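Breakdown of the fold
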Amino acid sequence: MRVRLLALVLLLLLAGCSSGGTRDDGRITLRFQSLAWQEESVEANKALVKEWNATHPDVRVEYVQGTWDSVHDQLLTAFEGGEAPDIIHDASDDLADFAYGGYLADLTDLLPARLKSDIPRRSWATTTFGDGVYGVPFLQEPRVLIANAKWLRQSGVRIPTPEKPWSWAEFRRITEHLSGQGKYGIAWPLKEPVSATLNLSLSAGGQLFHRGADGKVTVRFGMADQVVPRTIHEQVGTDRSASPTTLGSGGSDTLPGFFGGRYAMVPLGFSYRQQIVQQAPKGFDWQVLPAPAGAGGLTQGVSPQTLSVAEDCPHKKEAAAFIDFLLRPPNMVRLALGDWMLPTGTRALDDPALRTSEHGWATGTALAGHLRPAPAQTVRGYPEWKDKVATPALQEYYSGAVGLGELRERLEEDGNLVLARYQR
């Protein structure tokens, strides 16, 4: 009996944090699951892990390559099976259910003052649930307009800047002016329409999710929330200035048509610039423009990439120390450059490498101060609401299959029924 008990204890020690833990030589091993996928980003992450291991012989980090595909379901299965990685790379809009479900560690007392003060409060709001902090937001990207610079110059339209952006009404007029003879002023890749619609709607004063005094969230699709979806709908169905064939496409799918001169502009995440640099034909002249502004100015919702620690990890202090190392300002710059995104840290954001006009970096950094938590950031049940209600409703609205009234009814009535199940 003693032998079996001793064997069980030893097995648990070896297992530690899932596959990590404390080895029989006393060395701690932590598993870091990274979702980096671009070659430069993977290289940067692996290099930093190697540097940590070279200087921290008692706490070894194992790099585990994850994928953004179905990450929510993959993590949920891992959590419930006791096999979650110790250090978890994810996005802030995916954390609410995990945080409230007790799967993530509260980092409030584990993070150093340096890291807390370097990242703005508005970014910390994306990973704060209740009284706890369940992730460190470290990379973010605004949605921008990638434009055919030659096409815009020849058209004579006013070129927007972060200091003087287009309004949504001006944007619609310009895309109509740029269209004709089988060409379109804009191509909206809306295979996943929800985050693009909600995040851009903040610029028009939209909010959509409203939290009452009792803490419960309801959906109200008001006039401000309708500005962006109505603009897209009218560009597609009325002005014929937006390509109807790209509505079911992902961002990468629009690039061949963009390079081929079929679309003057494509709204994309800031990181898509890397693909454009790699794939654009020689001599193709492109530029980065700010997204349109409305009553809320250039305000835009974002769901930063995050680093969290599993609640089951017995070495939370060491895991938090690795996160601190990974996000030191010079390292955060390396991660941002590798992912072609913006760092949340103020010191990293000031680095000259991120302020150059080349490839539109300066335009992106000028937008950083306007980024706010995505509207659905702390809403429990958001993944289900997005997949089962909002995505099909918006897709049908943009394609012209349903009108604005039915869109509103589905987002509010059907959506609130879904959210209610998570707020009992």
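All of the points below concern the structure found in this document. (Residues numbered from 1 in each chain as written. Predicted model: local features only at pLDDT ≥ 70, side-chain atom pairs only at ≥ 80, totals over all residues. Heavy atoms only, no water.)

**Re the overall build of the protein chain**
When its secondary structure is counted, the protein chain shows 18 helices and 16 strands. Radius of gyration (C-alpha) of the protein chain: 23 Å, near the 22 Å computed for a compact globule of 424 residues. Expressed as lengths along the three principal axes of its C-alpha atoms, the size of the protein chain is roughly 80 × 50 × 35 Å. The buried share of the protein chain, reckoned over its 424 residues, is 54%. Partitioning the contacts of the protein chain with sequence separation of at least 6, the portion at a separation of at least 24 is 73%. Element-wise, carbon and sulfur atoms account for 51% of the exposed surface of the protein chain, whose accessible area totals about 18,600 Å². (Helix = DSSP H or I, 4+ residues; strand = E, 2+ residues; numbered from the N terminus. Rg over C-alpha atoms; globule rule 2.2 N^0.38 Å. Buried < 20%, exposed > 50% of the residue type's maximum accessible area, 1.4 Å probe, protein only. Contact = heavy atoms within 4.5 Å. Areas by Shrake-Rupley, 256 points an atom, 1.4 Å probe, with all protein chains shown as cover.)

**What about a negative patch on the surface?**
Residues Asp-106, Asp-109, Asp-131, Glu-311 and Asp-312 make up a contiguous surface patch of negative charge. Examined against the element boundaries, Glu-311 turns out to sit in the loop between strand 14 (305-309) and helix 13 (316-326). (Patch = residues over 30% accessible without salt bridge, like charges linked within 9 Å, V, L, I, M, F, W, Y side chains within 5 Å. Salt bridge = Lys/Arg side-chain N within 4 Å of Asp/Glu carboxyl O. Lys, Arg positive; Asp, Glu negative; His and termini not counted. Charge placed at Lys NZ, Arg CZ, Asp CG, Glu CD.)

**Things to note about helix 8 (residues 168-178)**
For helix 8, the set of buried residues is Trp-168, Glu-170, Phe-171, Ile-174, Thr-175 and Leu-178. Projected down its long axis, helix 8 shows its buried positions confined to an angular sector of 155°, all on one face. Residues of helix 8 that are exposed and point more than 90 degrees away from the buried face comprise Arg-173 and His-177. Where the residues of helix 8 are buried, they touch strand 8 (143-148), helix 7 (149-155), helix 9 (193-201), helix 10 (223-237) and strand 11 (265-269). (Arc of directions from axis to C-beta.)

**Observations regarding the environment of Asp-312**
Residue position: Asp-312 is located in the loop between strand 14 and helix 13. For Asp-312, a relative accessible area of 61% translates into the label exposed. For Asp-312 and Lys-164, which are 148 residues apart along the polypeptide, the C-alpha to C-alpha distance reads 49 Å.

**Quick word on the pairing of strand 2 (residues 28-34)**
Judged by how many residues are buried, strand 2 sits mostly within the fold: seven of seven residues are covered. Side chains Ile-28, Leu-30, Phe-32 and Ser-34 of strand 2 all project onto a buried face; the interleaved residues Thr-29, Arg-31 and Gln-33 project onto the opposite face, where all are buried too. One crossover worth recording links strand 2 to the parallel strand 3 (residues 59-65) by way of helix 2 (residues 39-55), and it is right-handed. Taken together, the two bridges between strand 2 and strand 4 (residues 87-91) define a ladder with parallel strand orientation. (Right-handed = clockwise from strand over helix to strand, strands pointing away. Pairing = 2+ DSSP bridges.)

**A look at the sheet that holds strand 12 (residues 286-290)**
The strands that make up a sheet pair up through hydrogen bonds in the backbone, lying either parallel or antiparallel. Across the sheet, which stays open at both edges, the three strands sit in the order 11-8-12 with antiparallel pairing between neighbours. Only two strands of the sheet have a single partner each, and these edge strands are strand 11 and strand 12. Across the sheet, the mean angle from the axis of one strand to that of its neighbour is 35°, orientation sign disregarded. As defined by bridge partners, strand 8 adjoins strand 11 across five bridges and the pair is classed as antiparallel. Bridge assignment links Arg-143 to a residue of strand 11, and that residue is Gly-269. (Axes fitted to C-alpha atoms, helices over the stretch in contact; angles between N-to-C directions.)

**Quick word on the side chain of His-72**
Topologically, His-72 is positioned in helix 3 (residues 71-80). Of the residues examined, His-72 reaches a relative accessible area of 18% and is grouped as buried. Here the side chain of His-72 touches Asp-94 through a polar contact of 2.5 Å, side chain to side chain. Ignoring any residue separated from it by four or fewer positions in sequence, one finds His-72 in contact with Asp-94, Asp-97, Phe-98 and Pro-383. (Polar contact = N/O pair within 3.5 Å; in protein donor to acceptor, adjacent residues only side chain to side chain.)

**Here we look at unusual backbone geometry**
The backbone of Arg-240 sits at a positive phi, close to 55°, despite the residue not being glycine. With respect to the helices and strands, Arg-240 occurs in the loop between helix 10 and helix 11 (255-259). Arg-240 sits in the exposed class, given a relative accessible area of 52%. Backbone geometry at Trp-340 places phi at a positive 60°, although glycine is not the residue there. The topology assignment puts Trp-340 in the loop between helix 14 (329-339) and strand 15 (342-343). The exposure class assigned to Trp-340 is buried, which follows from its relative accessible area of 8%.

**Points about helix 9**
Three or four residues apart is the spacing at which side chains of an α-helix point the same way, because the helix has 3.6 residues per turn. Within helix 9, eight of the nine residues are buried, leaving the element largely enclosed by the surrounding structure. Among the residues of helix 9, those classed as buried are Pro-193, Val-194, Ala-196, Thr-197, Leu-198, Asn-199, Leu-200 and Ser-201. Tucked into the core, helix 9 has its buried residues touching strand 8, helix 8, strand 9 (209-211), helix 10, strand 13 (300-302) and helix 17 (382-399).

**A word on the side chain of Asp-225**
By secondary structure assignment, the location of Asp-225 is in helix 10. Buried and without a salt bridge, Asp-225 has Arg-220 as its closest oppositely charged side chain, separated by 7.6 Å. Within polar-contact distance, the side chain of Asp-225 engages the backbone nitrogen of Gln-207 at 2.7 Å. Among residues more than four places away in sequence, those in contact with Asp-225 are Ser-201, Gly-206, Gln-207, Leu-208 and Arg-220.

**Comments concerning the nonpolar core**
Counting 63 residues, the largest nonpolar core has Leu-30, Phe-32, Val-136, Ile-146, Phe-322, Leu-326 and Leu-327 as its most contacted members. Tallying contributions element by element places helix 13 first for this core, with six residues. Beyond its immediate chain neighbours, meaning those up to four positions away, Ile-146 contacts Phe-258, Ala-264, Met-265, Val-266, Leu-268, Arg-273, Ile-276, Trp-286, Gln-287 and Val-288. Ranked by size, the runner-up nonpolar core spans 46 residues in total, among them Ile-186, Leu-289, Trp-385 and Tyr-398. (Core = buried A, V, L, I, M, F, W, Y, C linked by side-chain atoms within 4.5 Å.)

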